[in-house]
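One-letter residues, chain by chain:
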Amino acid sequence: MSHPDAIAILSALPMPAILIDGDGRITGANAGAEGMFGTALTQRHHVTILRQPALIKTIEDTARDGTRRISRYLNASQQGDTTWRAVVSAVPAPSDIAQILVIFEDITAQTQASQARREFVSNVSHELRTPLTAVLGFVETLRGAARDDPAARDRFLGVIEDEARRMADLVQDLASLSHVEEQGRQRPQGSVNLSTLIADVLASLSPVLDAAGVTIRTALPAGDITVPGEATQLKQVVINLVENAAKYGAAQGEITLRLTPAAPDPQLIVPAVCLSVTDHGDGIPAHAIARLTDRFYRLDSHRSREVGGTGLGLAIVKHILNRHHGRLQIDSVQGQGSTFSAILPAA
């Protein structure tokens, strides 16, 4: 392959690529490679450009025996860290010494998805391990030392029931999250009267809120507020936000639910409806707000488990709102409380 031919092929490649001669110097680089490593690459030794031992060794091995190999290259820039698959191949050259072609494929998305899956499996395993261990331990006790102790038996059965409910809630939330993610790119086609939906949700939650000693105040417009959406999922948004406020921000206290009619939203660039739930709890540290919608993230793990939280509620809310082309906004002041707002495009 002549030098002009090699340069023409490099320029035609959609991915970053460099060509290295027998002396280890770069003889060609396309625009993608210059975007990664900078301009004026030709005639520079590849070691001074790449700087990562694993990839450099792969290039040396391929130069020695001509075998095609694959390595990885990690690139850090102002735009963020990226992961590349480097395909290293020997190509014909006018001389007896083959040139080395290195093509870089961006696999950042695949790498992040794989990491997310591993973390998800690890988190689910951890969440199930604790209640399962408790259940198995109490069953063993009931079959042994507590067999003939009615008081202990009733107490242990109560704990087993609580742990079983916690696992059932987790499985239900996992199913809900999976369902929402599957429908993520399918925009809902129906319309939902939020005024009616909120009334239905509050009626269904009334016994739970009363039992927790939580009072809910509402500030709703006189007329109906309708938005494009799926009623079942938007009902889940309201339930999750109200339950979240009752569990973490308003024990023996008060929460406020507001529904604001359509107004311009700078981020959605369209008129939007705002449904907000405000508590008067301890508030959330600023550094933690961005992570609240991460799966299984808990600001206070011990308290979350005490009140039966699965760590998935706000993740489900975020995905539902994304599907409805809306967004979740969280505002909080420590010591004063928090407001969680579901902002949806108006009909």
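Figured I'd write up the structure that's included with this text. The model shown is predicted, which means the values in this text are computed figures rather than measured ones.

About the thresholds
Residues numbered from 1 in each chain as written. Predicted model: local features only at pLDDT ≥ 70, side-chain atom pairs only at ≥ 80, totals over all residues. Heavy atoms only, no water. Pairing = 2+ DSSP bridges. Helix = DSSP H or I, 4+ residues; strand = E, 2+ residues; numbered from the N terminus. Axes fitted to C-alpha atoms, helices over the stretch in contact; angles between N-to-C directions. 1 Å grid on protein atoms, 1.4 Å probe; cavity = no way out; pocket = protein on both sides within 12 Å on 5 of 7 lines; lining within 4 Å. Points joined across faces, edges and corners; volume = space filled by probe spheres on them. Nonpolar A, V, L, I, M, F, W, Y, C, P; charged D, E, K, R; others polar. Salt bridge = Lys/Arg side-chain N within 4 Å of Asp/Glu carboxyl O. Buried < 20%, exposed > 50% of the residue type's maximum accessible area, 1.4 Å probe, protein only. Polar contact = N/O pair within 3.5 Å; in protein donor to acceptor, adjacent residues only side chain to side chain. Contact = heavy atoms within 4.5 Å. Expected span 1.5 Å × (residues − 1). Phe/Tyr/Trp six-rings, centres within 6.5 Å; stacked < 30°, edge-to-face > 60°.

What follows is about the sheet that holds strand E3 (residues 69-77). Reading across the sheet, the five strands line up as E2-E1-E5-E4-E3 and stay open at both edges, with antiparallel pairing between neighbours. The sheet terminates laterally at strand E2 (26-29) and E3, the two strands that pair on one side only. Taking each pair of neighbouring strands and ignoring which way they run, the sheet shows an average axis angle of 25°. For E3 and strand E4 (residues 80-91), the ladder comprises nine bridges, and the chain directions are antiparallel.

One simple way to see leftover space: roll a probe sized like a water molecule over the atoms. Evaluation of the coordinates by the stated rule reveals two cavities of 30 Å³ or more. Computed from the structure, the second largest cavity encloses a volume of approximately 40 Å³. Considering the residues around the second largest cavity, the lining is formed by Arg-187, Pro-188, Pro-228, Arg-323, His-324 and Pro-345. In terms of residue class, the lining of the second largest cavity is built from three nonpolar, one polar and two charged.

This paragraph deals with the pattern of salt bridges. Considering all chains together, one arrives at nine salt bridges under this definition. Here Arg-85 ties to Glu-105 by a salt bridge, and the two come within 2.9 Å at their closest N and O atoms. With Arg-85 in strand E4 and Glu-105 in strand E5 (residues 99-106), this pair connects stretches of sequence that are 20 residues apart. Classification of Glu-105 by relative accessible area gives partly exposed; the value is 28%. Measuring nitrogen to oxygen at the nearest pair gives 3.2 Å for the salt bridge that ties Asp-294 to Arg-291. The class for Asp-294 is partly exposed, based on a relative accessible area of 29%. Residues joined in a network through salt bridges with shared partners are Lys-57, Asp-61 and Arg-64.

Right, let's talk about the pairing of strand E12 (residues 337-345) for a bit. Most of E12 is tucked away: nine of the nine residues are buried. Alternating positions in E12 separate into two faces, Gly-337, Thr-339, Ser-341, Ile-343 and Pro-345 on one and Ser-338, Phe-340, Ala-342 and Leu-344 on the other, with burial throughout. Taken together, the seven bridges between strand E10 (residues 270-279) and E12 define a ladder with antiparallel strand orientation. Opposite Val-277, over in E12, you have Phe-340 as the bridge partner.

Checked against the element boundaries, Asp-61 lands in helix H4 (residues 53-65). Overall, the relative accessible area of 12% leaves Asp-61 in the buried class. A distance of 3.0 Å separates a polar atom in the side chain of Asp-61 from a polar atom in the side chain of Arg-64. Discounting residues that sit within four places of it in the chain, Asp-61 has contacts with Gly-66 and Arg-69.

For the rest of this paragraph, the subject is the layout of surface pockets. Roughly 230 Å³ of internal volume is contained in the second largest pocket. Around the second largest pocket, the lining residues are Ala-116, Glu-119, Phe-120, Asn-123, Glu-181, Thr-293, Asp-294, Arg-295, Phe-296, Lys-318 and His-319. Contributing elements (two or more residues each) for the lining of the second largest pocket: helix H5 (108-143) and helix H11 (313-323).

Bringing H4 into the picture now. The end-to-end C-alpha separation of H4 is 18 Å, in line with the 18 Å expected for 13 residues at 1.5 Å each. On its buried face, H4 is in contact with strand E1 (17-20), helix H3 (46-50), E3, E4 and E5. Just past H4, the residue Gly-66 takes up positive phi, approximately 75°.

So, on to the packing of aromatic side chains. Considering all chains together, one arrives at four aromatic pairs under this definition. Consider the rings of Tyr-73 and Phe-104, whose centres lie 5.8 Å apart with planes at 75°: the pair is edge-to-face. Note that Tyr-73 is positioned in strand E3 and Phe-104 in strand E5, a separation of 31 residues in sequence. Among the residues examined, Phe-104 registers a relative accessible area of 0% and is labelled buried. Between Phe-138 and Phe-156, the aromatic rings sit 4.9 Å apart at their centres with planes inclined by 35°, giving tilted as the arrangement. Separated by 18 residues along the polypeptide, Phe-138 in helix H5 and Phe-156 in helix H6 (residues 150-182) bring together distant segments of the chain. Exposure remark for Phe-156: the relative accessible area of 13% places this residue in the buried category. Through successive ring pairs, a cluster of aromatic residues spans Phe-37, Tyr-73 and Phe-104.

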